[in-house]
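So you can see what is in the structure, the chains are spelled out below.
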Amino acid sequence: MGRILLVIRLALRDLRRRRTEAALLLIAILAATTTLTLGLVLRDAASDPYESTRAATKGPDVVANVGQAADLAGLAELGKLATASGVTEHSGPYPVIAGRLEASGRTSDVQVEGRDATIAAVDQPEVTRGGWVSDGGVVLEAAFANSLDVGVGDSVTLGGRSFKVVGVAVTAAMPPYPGASCIVAAGCINGAIPDDRDLPAGLLRNPGLVWLTQADVRSLASDRSSLSYVMNLKLAAPDEAQAFVDRNGGDHGGAMPMRTWESILADATDLARDSQILLMIGAWLLGLLAVASLSVLVGGRMADQTRRVGLLKAVGGTPSLVAAVLLAQYLLVAVVAAAAGLTIGALTAPLLTESSAGLVGSADTPSLTWSTIGLVTAVALGVTVVATAVPAVRAARASTVSALADAARPPRRTGWLITLSARLPVPLLLALRVAARRPRRVVLGMVSIAITVSGIYVLVVLNAFLAIQPDAGGYDENQVETLRHVLLVWTVILLSLAAVNAIVITWATVLDNRHASALARALGATPQEMTVALAAAQVLPALVGAVLGAFPGGWALFAAINTITGGDSEKATLPVPWQLIAMVLATVLVVAALTSVPAHLGGRRPVTATL
């Protein structure tokens, strides 16, 4: 117990003495844990509005429909369902027809459902504005009304007849527009539709949902065969809805398709699923960046703590104790970052799950499950251990005498590099030799930039894709805005962590080369030349990393996202060559700007004090 307390006290003292490095460590791990938490809890937070809608509208557990009821066979099958084992309540069957609605100068396909003016026992849409159906009055599904910019009191045309909008309502019996279920015999298609695709006649494209009285629906029907029917069922065991569907032959391909409330929930939270995928990919990218950042930062701190390691060993500390002290300070930061990431992620998730206009309520702060807490904490600790274990063990195994001496690290003599750099200007000569002293750090910096540019590549593609969505029918404007918020979160965190990485790498290089830099200045190099050399040592790897990130890194990452999501890459517009060149040049300029300050400070350190 005393050993553990000693390790913790020494670790805390180290963190207090180096608060800037501790803050950078915290930021690096916090970025990854916050994004990971957002990805894990977003779907749960998004389900809250649907659950609220389901409670407010007496939502069904199963929705069944039959099409083209020219005879009574289809209605008879629905009637049997009402008395099937496990059914406690039902509403319907209600007549449904396919139609076209004209409003505000726009025309849209619709599914027109006939309802009673009285309250239904199951699936009674919740009126959010106006009132319920009446003769000559139409009620629009809320997300559909919002898309058309139609409100109570406006007039719309259905089947050549004018109806007055008497209300706007929400339902849990189908997902909000534009992802509505299909309950008409003509069939429906949702999402972007290629112009060259040959579609069956009468197929509804991205249909909305409206309600009329049953009498008005039947008066709009050209004949009895154009009517479909829908029934809503309440089960004694809602969690067994899929088993009920399987037992009663209600697969989508059957004569009487059925949908469970779970499948409706899945479609209603499609937006959250897409946001979740983006955030999870962002979380793993940030995790890789965090490993790179921690590896460099830990290496720099180890170099700065060499003499302290020698003192610990000189007073009797064993190599295992020294390694434990060095590891403990980073693990303490990781635990704090995990706790903060879990809190920030849970509180932020509702802001990225703006509920559709077709649902009531809003996303609440999700409750963190033990699995989420465990995974986020494990990732934080895992990233820290991967980045710090090898440097900590190497430092702990160093001899006491060499650690106390804290001598400058001897440079690696590489013949071809000396030959190449000998003819270069002094700043570039020094830059190449600075980079050659720490090849692992150069690779980490290059990988960090490549990951960042790959992420930016994907962001450019997704932003261009979202720009066409309101017109293509994949997402409405509110959904596009929500996804843009997700991309903004990803962009800000990615760029912030990349900036921290660039600064950390440069500062670690300055610390590691303080003796070599002082010696170069003693031999005639000017402070300006040293500043340019230290900055160039980061800019050159950044250029290589930016090129690799633009291609093939960005393209490969986008292809991986398509594979994971089942997306169609043909619908996306990839960056053109000039955009890739601009991306690479902008990256190099930003890295140069970020590294100039620590390089300037390092290049002007007094020579005598350093030597």
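Here goes a summary of the coordinates provided.

**Focus on the state of the cysteines**
- Considering all chains together, one arrives at one disulfide under this definition.
- Two residues share a disulfide in this structure: C182 and C188, whose sulfurs sit 2.2 Å from each other. With the S-S dihedral at roughly 70°, the linkage between C182 and C188 falls on the right-handed side.
- Looking at C182, the relative accessible area reads 30%, which means it is partly exposed.

**A look at the pairing of strand β6 (residues 155-158)**
- The side-chain alternation of β6 yields one buried face, formed by V156 and L158, and one unburied face, formed by S155 and T157.
- Pairing geometry for β6 and strand β7 (residues 161-170), over four bridges, is antiparallel. Along β7, the bridge assignment pairs L158 with R161.
- Adjacent in sequence and paired antiparallel, β6 and β7 are bridged by two residues, among which G159 carries a positive phi angle near 55°.

**Regarding a positive patch on the surface**
- Taken together, the side chains of R9, R13, R16 and R19 define a basic patch exposed on the protein surface.
- When residues of the positive patch are assigned to their parent elements, the largest contribution, three residues, is made by helix α1 (residues 2-17).
- Relative to the helices and strands, R16 resides in helix α1.

**Brief notes about unusual backbone geometry**
- Of note, the amide linkage connecting F551 to P552 takes the cis form, showing an omega dihedral of 10°.
- Looking at the element boundaries, P552 is found in helix α19 (residues 527-565).
- A positive phi angle, near 55°, is found at D123, a position not held by glycine.
- Take D123: its relative accessible area is 2%, and that puts it in the buried class.

**Remarks on the environment of P93**
- Among the secondary structure elements, P93 is positioned in strand β2 (residues 87-103).
- Note: C-alpha distance between P93 and A82 (eleven residues apart in sequence) is 9.5 Å.
- Discounting chain neighbours no more than four positions away, the residues touching P93 are L75, L78, Y229, V230 and M231.

**Some words on the nonpolar core**
- Counting 67 residues, the largest nonpolar core has L81, V138, L140, L158, V210 and F244 as its most contacted members.
- If we skip the residues at most four places from it in the chain, V138 touches V156, L158, F163, K164, V165, V166, G167, V210, W211 and L212.
- Counting 40 residues, the second-largest nonpolar core is a separate cluster that includes I281, L286, V453 and V591.

**Structural notes on the environment of A117**
- With respect to the secondary-structure elements, A117 resides in the loop between β3 (106-115) and β4 (126-130).
- For A117 and Q214, which are 97 residues apart along the polypeptide, the C-alpha to C-alpha distance reads 9.2 Å.
- A117 has contacts with W132 and V133, leaving out every residue within four places of it along the chain.

What counts and how
- Residues numbered from 1 in each chain as written.
- Predicted model: local features only at pLDDT ≥ 70, side-chain atom pairs only at ≥ 80, totals over all residues.
- Heavy atoms only, no water.
- Disulfide = S-S within 2.5 Å.
- Buried < 20%, exposed > 50% of the residue type's maximum accessible area, 1.4 Å probe, protein only.
- Helix = DSSP H or I, 4+ residues; strand = E, 2+ residues; numbered from the N terminus.
- Pairing = 2+ DSSP bridges.
- Patch = residues over 30% accessible without salt bridge, like charges linked within 9 Å, V, L, I, M, F, W, Y side chains within 5 Å.
- Areas by Shrake-Rupley, 256 points an atom, 1.4 Å probe, with all protein chains shown as cover.
- Salt bridge = Lys/Arg side-chain N within 4 Å of Asp/Glu carboxyl O.
- Lys, Arg positive; Asp, Glu negative; His and termini not counted.
- Charge placed at Lys NZ, Arg CZ, Asp CG, Glu CD.
- Contact = heavy atoms within 4.5 Å.
- Core = buried A, V, L, I, M, F, W, Y, C linked by side-chain atoms within 4.5 Å.

Keep in mind that these numbers describe shape and distance, not what the molecule does.
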